[in-house]
Structures are given as structure tokens and as C-alpha cells.
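Commentary on secondary and tertiary structure
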Amino acid sequence: MNRNNQTNLKAKVRQIYDYIQENLYLNQPDITINNEAFNSALLMSLLVGLSRGKALIIGEPGLGKTTSVEYIGSLIHRIPLGTIWQAEVSGHPEQTEEKIIGRPDLGKLNLGEEYVIWSHFTLLPIKIVDEINRLPETKQSMILNGVDRGNWEYLNDAVINREYCLFATANYQDRGTNTIIEPLMDRFDVMVESRHPGANLAGTLGTNGNHEVLLRSEKLEAEFQSILSERTLYEERMKKLETLSDKFGEFLSTASQIPSLSRQERKLVHDNINRMPFDVDFEAFLRMVIAELSFCHQYGQKRSGEICNDGCHFTGYLCESTKNCLSNRFPKSARNLSRALAWLLGDQTAGLQHLEAVLPFVLAHRIRWKDQHIVESEKEYRNDPVDIHMAKKAVQQIGRRYREQAHRVQQALAVACRVAEGEKADLIEGDHPLFHVIFKDLGQETP
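Presented here is an overview of the structure given in this document. Not measured: the values here are computed from a predicted model.

When strand E8 (residues 151-154) meets strand E9 (residues 157-160), the two strands line up antiparallel, connected through four bridges. By the bridge assignment for E9, Trp152 is matched with Val159. Counting the residues that bridge the hairpin from E8 to E9 gives two residues, and of these Leu155 lies at a positive phi of roughly 50°.

This is the structure in C-alpha cells:
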């Protein structure tokens, strides 16, 4: 793909962001990257959509959690809003596997044939679970495999999505909500809050027309419904949906000059994001984060059931403040979101500034803090929910430590790489957990 086409594609994605921000999802900027102000909920949801990821949107009722991702899904995948609404899964205690994933064709079952009628949620590439924390914990487990890999199974049949992104929304805890189980939480790439837009913007609601109707077409929605309800193979329906999506894209462009992405454009975006290289600072800082949140001086690694003794050598690092170990999904989420952000901003590499921007939202739902640290943070003045607030503080702390010893960390990693390849060299010592991890990984005693 030549440079001009890439530039045009980035410009179109930025137009989608701007259109949603100015006309559909009223919000205030709350994050600054490369001297540009963004709304974190809208930006992170857009990056998740481009990178085929999963996002958890939290917030108070009625603040645009679900509608914002409906708009993103509609314009990125060229699917009318009405079709997206029909495919959404609502979180409630009576939800069943047959309503979420698929159900048997009773007519064929009576004839002795097993045939699955797949739900529109399973088939569509844009998947939304509204109020996911109203699903009982036992029923959350039904969607674990599908959320993780796009692999949906029912009876003896399966659908493996060739392309998908998933968004789930959650209100804050009340009498009707449940705890989201940790295996499901870890599958989300980011957690971000949809905030109140402020009195001035909220006061303008209903005064600038209903732009939402521009993302609907009853005729095309009926055609989407017809294709999704066919009794044909998954791939055949996806090919027909792709053609129909292009018709909806033409409808948006012709009727209202609203930007959207074709499947080919989404593939080009995804391929370019995956080709984005990482700079030296990115790699070194990411390893510092993983080491500080996964290493334990006493037990080798953090484990949920083990409590560190007071006076540990690494008191003052984040490992002392946390209960659990980061999973192997964390680095993938951090890399994908950082690359997507770097691509969107037009940078040539994914670097420290991109990683620091996405890390609070990649970490907030994955870290389990010790109770005393939560109590301290709850009392602080802050603009974020406590989970995101603590994640932002954690990233700032590690960022300061990294900048104080960046050269030494990079040098230690470079020497470790040469030693791993068989070269004779003395490993570089240091007090940060990362230096101890390097010695341990190479089978050498820590000095």
C-alpha cells in the first residue's frame, strides 16, 4: 500500500472519530497524546474496533456506553444501526445459551437432523453485550471461548468468525449486578469509562437534530435480516453481507457524506497496524511493567494465594501493592492497542508515548490491588474511577523509574539477548525486578 493511500485511510478513520464526536456521542476530551486531545472512551473503542479487539465500557446508566460503540460498529463495519440493535445481547439473569449463541432447528430436529440456527450476535462481526455484569457468573462462562477466539459452539456445530470485535458495557455495582468473573475480565483488551459530558454539552442534547437516523435504512436492514436468517453456510452469508455492507456504505456517503470503512479498507488498516514496528523504549518499558507486576522476590512470581512478608527487598515496587500476576494476554493487548494508536497518529513506530497512553486502560481491569492501597486511592482527588486512577498512578510510577535508568535497562536486555544466543558476557546488575528476572531466565544466580 503506497503512502498516499495510507494517508487517505488514516484521514478517513479520523473523519469517523470526528463525526461521532461532533454529532453522535457528546463528550469532553480527557486524554492528551502528542499534543492532541481525545476522549478516552471514544478513542479506545475505535482502536479496539480497528485492531479486532475487545473492550469493556463502564459508567453510570444513560451516559452513552452502548450507543457510542453502536456508532463505531456501524461506521467501521458498514452495518445499519437497526441490524446492530437486533444482534445485541442484553445482560439479565434469564439469558440462555439459545438466545446468545444459537438454537436447534426444531423442524429438522423432529426429522432426526441436527441443524443450528445461529444468533445474529454470533454471525455479525460487531458484537455488543449490554450490561454484561447483569449476567450471573455461571452464565458468563458460556461466552468465554467465543469472546476469546471468535469460536462459537452449539450442539455438534461451530462458527469461527473470520473477523470480529466485541464490546461489553457495565453499570457500576448495584443490587442487580454481579461480579464479572476474572477469566472473562482478562479477555478484554481495555476497560474505559464513558463519562458525563458536562452541564454545557448535556444541555444541548436534542437541539442539533437526530443524527442517529442517518445511520439507518429500513430497506437495507430488511436485507441484512434476510441474509442473516438464511439456512446457508456461514461463509456464504458473510460474502453476501460484505456486498450488502458496501451498499450501506454508498447509502451513507451519498445521502449524508458520512465516512465508513469497507472490508478491504479494514483489512488494510489491520495489516498496517500489525506491521508497525516497536522502538527500543517500547520493548524495554513493557518488560519493566511485566516484571514489576509479575515477579516476586520471595516466591518467584506473583500468585493470588500467596502473601508477601513485610520488609521484602522489593517493597516500594508495584509487586508489593498487588495480589495477582499479569496473564500472557496483557502484552498482546498492550502491543495491539499501542500499534493502532501509533498508526492513527501517523507515527512511524510504536513507542513509549503510545504505550504509556494505552497502558492504564489495558491494566485497570487486570490488576487486583491490596485493600490498603485501594482505601488510600479512594480518598484521593481524582477524575477517574478508582481502578483506572490507580492504573494511571502505577504507569506514572514505572515511567519515572524507567526514565531514571532507561539506558541501563536497554543495555541489560541487549546483553541478555546476546547471552541467550551463546555469547560469553557478564549480565548487568540492577535493583529493579527486571534485572533479577533476567538472571533467573538465563539460569544464573542473582548477585
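Past the structure itself, the notes keep going.
A word on the sheet that holds strand E11 (residues 190-193). With parallel pairing, the five strands of this open sheet are ordered in space as E4-E7-E10-E3-E11. At either margin of the open sheet sits one strand with a lone partner, and together these are strand E4 (89-90) and E11. Here four bridges tie strand E7 (residues 126-130) to strand E10 (residues 165-171), and the two strands are oriented parallel to one another. Within E10, the position partnered with Ile128 by the bridge is Phe167.

Here we come to the layout of surface pockets. Taken as a whole, the largest pocket spans an internal volume of roughly 830 Å³. Surrounding the largest pocket, 32 residues form its lining, Met185, Ala364, His365, Ile367 and Asp387 being those nearest its centre. At the level of elements, strand E3 (54-59), E10, helix H10 (182-187), helix H18 (371-378) and helix H19 (386-404) are the ones that each hand at least two residues to the lining of the largest pocket. The residue inventory of the lining of the largest pocket, partitioned by class, reads 15 nonpolar, nine polar and eight charged.

Quick look at empty space enclosed by the protein now. Scanning the entire structure with this criterion turns up three cavities of 30 Å³ or more. Taken as a whole, the largest cavity encloses approximately 190 Å³ of empty space. As for the largest cavity, its lining consists of 19 residues, of which Pro125, Leu241, Glu242, Ser245 and Arg266 are closest to the centre. Those elements that place two or more of their residues in the lining of the largest cavity are helix H13 (234-256) and helix H14 (263-275). Counting residues per element, the lining of the largest cavity draws most heavily on H13, which supplies six residues. Its residues placed into classes, the lining of the largest cavity shows nine nonpolar, three polar and seven charged. The computed volume of the second largest cavity comes to approximately 70 Å³. If you trace the second largest cavity, you find it lined by Gly49, Leu50, Arg52, Ile76, His77, Glu163, Tyr164, Cys165, Leu261, Arg266, Val269 and His270. Of all elements in the fold, only helix H2 (40-50), helix H3 (65-77) and H14 reach the threshold of two or more residues within the lining of the second largest cavity. With three residues, the single largest contributor to the lining of the second largest cavity is H14. Classifying every residue of the lining of the second largest cavity by side-chain character gives six nonpolar, three polar and three charged.

The topology assignment puts Ile367 in the loop between helix H17 (352-363) and H18. Excluding its chain neighbours within four sequence positions, the residues that come into contact with Ile367 are Leu293, Thr322 and Asn324.

We now examine the packing of aromatic side chains. For the structure shown, the criterion picks out five aromatic pairs. Directly above the aromatic system of Tyr115 lies the positively charged group of Lys108, at a separation of 4.3 Å from the ring centroid.

Our focus in this paragraph is helix H20 (residues 406-420). Across its 15 residues, H20 extends 21 Å between first and last C-alpha, which sits within 8% of the 21 Å expected from 1.5 Å per residue. Along H20, the positions that sit buried rather than exposed are Ala406, Val409, Ala412, Val415, Ala416 and Val419. Contact partners of the buried residues in H20: helix H15 (280-294), H19 and helix H21 (433-441).

This brings us to the environment of Ala11. Along the chain, Ala11 turns up in helix H1 (residues 3-24). Put simply, Ala11 and Gly102 are 91 residues apart on the chain and 39 Å apart in space, counted from C-alpha to C-alpha.

The next point concerns the pattern of salt bridges. The final tally for this structure, using the stated rule, is 31 salt bridges. Ionic pairing is found between Glu223 and Lys219, a salt bridge with its closest N-O pair at 2.7 Å. Linking Glu223 with Lys219, this pair stays in helix H12 (residues 218-228), spanning four residues, or about one helical turn. Among the residues examined, Glu223 registers a relative accessible area of 25% and is labelled partly exposed. Classification of Lys219 by relative accessible area gives exposed; the value is 56%. Two residues, Lys393 and Glu380, come together in a salt bridge whose shortest N-O distance is 3.0 Å. Residue Lys393 is found in helix H19, and its partner Glu380 is found in the loop between H18 and H19; the two are separated by 13 residues along the sequence. Three or more residues joined by partner-sharing salt bridges are found here, namely Asp30, Glu193, Arg195, Asp384 and Lys392.

The rules we used
Residues numbered from 1 in each chain as written. Predicted model: local features only at pLDDT ≥ 70, side-chain atom pairs only at ≥ 80, totals over all residues. Heavy atoms only, no water. Pairing = 2+ DSSP bridges. Helix = DSSP H or I, 4+ residues; strand = E, 2+ residues; numbered from the N terminus. 1 Å grid on protein atoms, 1.4 Å probe; cavity = no way out; pocket = protein on both sides within 12 Å on 5 of 7 lines; lining within 4 Å. Points joined across faces, edges and corners; volume = space filled by probe spheres on them. Nonpolar A, V, L, I, M, F, W, Y, C, P; charged D, E, K, R; others polar. Contact = heavy atoms within 4.5 Å. Phe/Tyr/Trp six-rings, centres within 6.5 Å; stacked < 30°, edge-to-face > 60°. Lys NZ or Arg CZ within 6 Å of the ring centre and 35° of its normal. Expected span 1.5 Å × (residues − 1). Buried < 20%, exposed > 50% of the residue type's maximum accessible area, 1.4 Å probe, protein only. Salt bridge = Lys/Arg side-chain N within 4 Å of Asp/Glu carboxyl O.

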